[in-house]
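# Descriptive analysis of the structure
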Amino acid sequence: MNKKKENNAVFWVFVTPVVFAFLLVVIVPFFLGVWYSFTTWTSSARAGAGTQFVGLTNYFKSFQDVAFSFSFLITFGYTLVNMVAINFVAFGLALLVTSKIKGRNLYRVGFFLPNLIGGLILGYIWQFIFNNAIPALGHTVPGLEGLAKPENLILATNTGALMALVIVGTWQYAGYIMMIYIAAIESVPMELHEAAQIDGAGPWSRMMKITVPMAAQAFTVTMFLTLVQSFKQFDVNVSLTAGGPSTMFVGKPILGTELIALNIYNTAFVSNNLAQGQARAVIFFVVLALVALIQVYLNKKKELEL
Amino acid sequence: MKLALKPGLLLVEVLAAGLFLLFLSPFFLVLINSAKTAFEVTNTPMSWPDNWGNLATNSVSIWTNTTIQYQSSFFSSFLITVLSLGALNLLSSQAAWALVRTKTKTSSFIFFMFVAAMVIPFQIVMFPLLSWFRAITVFTGLDLLRSYQGIVLAYLGFGVSLSIFMFHGFIKSIPLELEEAATIDGCRKHETFFRIIFPILKPIHATVLVLNGIWIWNDYLLPLLVLGKGNDIQTIPVAVSNFAGTFVKQWDLILTAILLAMIPVVVFFLFAQRFIVRGMVAGSIK
């Protein structure tokens, strides 16, 4: 009996600190946040004092704002292209560094390195590259004069800036995803390849018929990670484009590369509309959860087929 | 995978080397342009620097700059990362152990709550967190905004889900007999954890340290909200963005600031490279 009491005491002593921190930092703000999204909450109101319930007003207003719809649209596009680009590059790199080339360990480290530097800093580096370094090439290298023209700057056009976000996103994340693919490729038994080789299978058909199916589980993980990472992209967005350049959407001037996370932030702190920013965050949460669920479901199904 | 033809392998070698250089070229550009004057950076960003002495000049001006506050920002980033990691590793591992070894409804519910919360994105929590922290400060007098205790508490709360999940998975695979033997030998319950289990957890501790460490050191949005820009306590990413916002287009200084911000990470990585890569991969597959 005494033993049981002691066990119980140890359980609570060990569990209470994290439960306390978790309730305080995640759970309470989560429910407060859902509640605030239905009210006239402002930043000056202390923890909800003096706020009024307004039902779905914040949600309706969010959907009426074309900038918000546009943000959703480009975030979906960005996520899709980014996912494809990252996984394509990462798988290619993984194949490269698992072949018998010299210096493959050094290459792994090099490809992985951008992942260690925060997205914010990476964005500034590439802003410099797109705005200064590439135009400078146009000035010095004959035949590339076009690069120096202000109207050809990648970050000056809407599509170009979105492409730039994909380039930086791929560069940032491909090395990490590559590491996961390497682990998957190296776990494929050598005998399978040898047997296939004896049967006359070339490198390409061995990759498609052995490596890819054996790595199917890794694809579920990498697709999920890149999906969530792309959908939540904020840091690179802030430092590379800050949402610019401006563009027109259904007749209204809006920011051309404001991904959804940045739109939420700007709604709350630039437009000073905290309650509506919160409503957008709730929408963001629901959509992200749905999309991620669908992706994992589809991948799992595909996994079984392979 | 053996490639039969020698020229084919050579082609792969060249391709790999080319991609390697391409991947690292942005960092190289940062380095050479940190060694230039403002005029050179704007006019010849792609050329070799004339005088490497400028690197020292630029570094000194970043080191002593009052906007970026490099020294105190570095210290703050370091302190926040170390304290958060210490708290996360110790508290999550002991909680995970208690949750695995106690089979009650409460225990399963608490574990389920942590796992389910992993889908909550930071965006939905961040605004209410600020007003909630402010309210706590008003009621208790304990500063949570713009303070070390506040941001460490925030990292503990946001990091605990994944950390507990990872420790939980690892502890489940430790045979119970080990603990039973310790109990028979007269080990008290909490002693069993600290003397028997804690040392066995080394590899998973490493993984959790790496995953959380990279996240906390590079995080931008959370410190931006909890600490704010340009206050006494700011982390390196917040300081760099504050600096880049103030010294717009002064690329000689911005790039030097970036270089100085990257050096500690790169040095640390080169030392702990195997450890980090293994940790990142193990973390993703869980």
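The shown structure was predicted, so the numbers you read here are calculated from the model rather than taken from an experiment.

## Some words on the overall build of chain B
A tally of regular secondary structure across chain B gives 14 helices and 0 strands. Ordered by position from the N terminus, the helices and strands of chain B form the series α-α-α-α-α-α-α-α-α-α-α-α-α-α. Since a compact globule built from 286 residues should have a radius of gyration of about 19 Å, the 24 Å found for chain B marks it as more spread out than a globular shape. In chain B, of all internal contacts separated by at least 6 residues, the share reaching a separation of at least 24 is 70%.

## Quick notes on the interface of chain A and chain B
Each side of the interface is counted separately: chain A has 71 residues, and chain B has 72 residues. Class assignment of the residues belonging to the side of chain A that touches chain B gives a composition of 54 nonpolar, 11 polar and 6 charged.

## Observations regarding the environment of B:Ile236
Residues and elements named next belong to chain B. Within the fold, Ile 236 resides in helix H12 (residues 236-246). Judged by the 28 C-beta atoms lying within 10 Å of it, Ile 236 is buried. Separated by 25 residues in sequence, Ile 236 and Ala 261 have C-alpha atoms that sit 6.7 Å apart. Residues contacting Ile 236, with those up to four places away along its chain left out, are Ser 73, Phe 74, Ser 77 and Ala 261.

## Considerations on unusual backbone geometry
Not every positive phi belongs to a glycine, and A:Val250 is a case in point at roughly 35°. We note that B:Arg146 has phi near 55°; this positive angle belongs to a residue other than glycine. Of note, B:Arg146 is situated in the loop between helix H6 (122-140) and helix H7 (148-172).

## Description of the domain arrangement of chain B
Examined at the domain level, chain B breaks down into domain 1 (6-63) and domain 2 (70-246). Distance between the C-alpha centres of domain 1 of chain B and domain 2 of chain B: 37 Å.

## Description of the environment of B:Pro45
Relative to the elements of secondary structure, B:Pro45 occurs in the loop between helix H2 (38-43) and helix H3 (53-63). On the basis of neighbour count, B:Pro45 is assigned to the buried category, with 23 C-beta atoms found within 10 Å. Sequence spacing of B:Pro45 and B:Ile32 is 13 residues, and the spatial spacing of their C-alpha atoms is 8.3 Å. For B:Pro45, the contacting residues outside a window of four places in its chain are A:Asn132, A:Ala133, A:Ala136 and B:Asn33.

## Re the nonpolar core
One recurring pattern in soluble globular proteins: nonpolar side chains tend to sit buried together. One finds A:Ala90, A:Ile121, A:Ala174, A:Met178, A:Tyr181, B:Val240 and B:Ile258 to be the most contacted residues of the largest nonpolar core, which totals 158 residues. Broken down by element, the residue count for this core peaks at 18 residues, all from helix H6 (residues 158-186) of chain A.

## Description of H12(B)
When you tally the buried positions in H12(B), you get 9 out of 11 residues, the bulk of the element. Of the positions making up H12(B), those classed as buried are B:Ile236, B:Pro237, B:Val238, B:Ala239, B:Val240, B:Ser241, B:Asn242, B:Phe243 and B:Ala244. The elements touched by buried residues of H12(B) are helix H5 (119-140) and helix H10 (235-241) of chain A together with helix H4 (70-101), helix H10 (202-218), helix H11 (221-226) and helix H13 (251-271) of chain B.

Cut-offs and rules
Residues numbered from 1 in each chain as written. Chains lettered and ligands numbered in written order. Predicted model: local features only at pLDDT ≥ 70, side-chain atom pairs only at ≥ 80, totals over all residues. Helix = DSSP H or I, 4+ residues; strand = E, 2+ residues; numbered from the N terminus. Rg over C-alpha atoms; globule rule 2.2 N^0.38 Å. Contact = placed C-beta atoms within 7 Å. Nonpolar A, V, L, I, M, F, W, Y, C, P; charged D, E, K, R; others polar. Buried ≥ 20, exposed ≤ 12 C-beta atoms within 10 Å, placed from the backbone. Domains from an automatic or database assignment. Core = buried A, V, L, I, M, F, W, Y, C linked by C-beta atoms within 7 Å.

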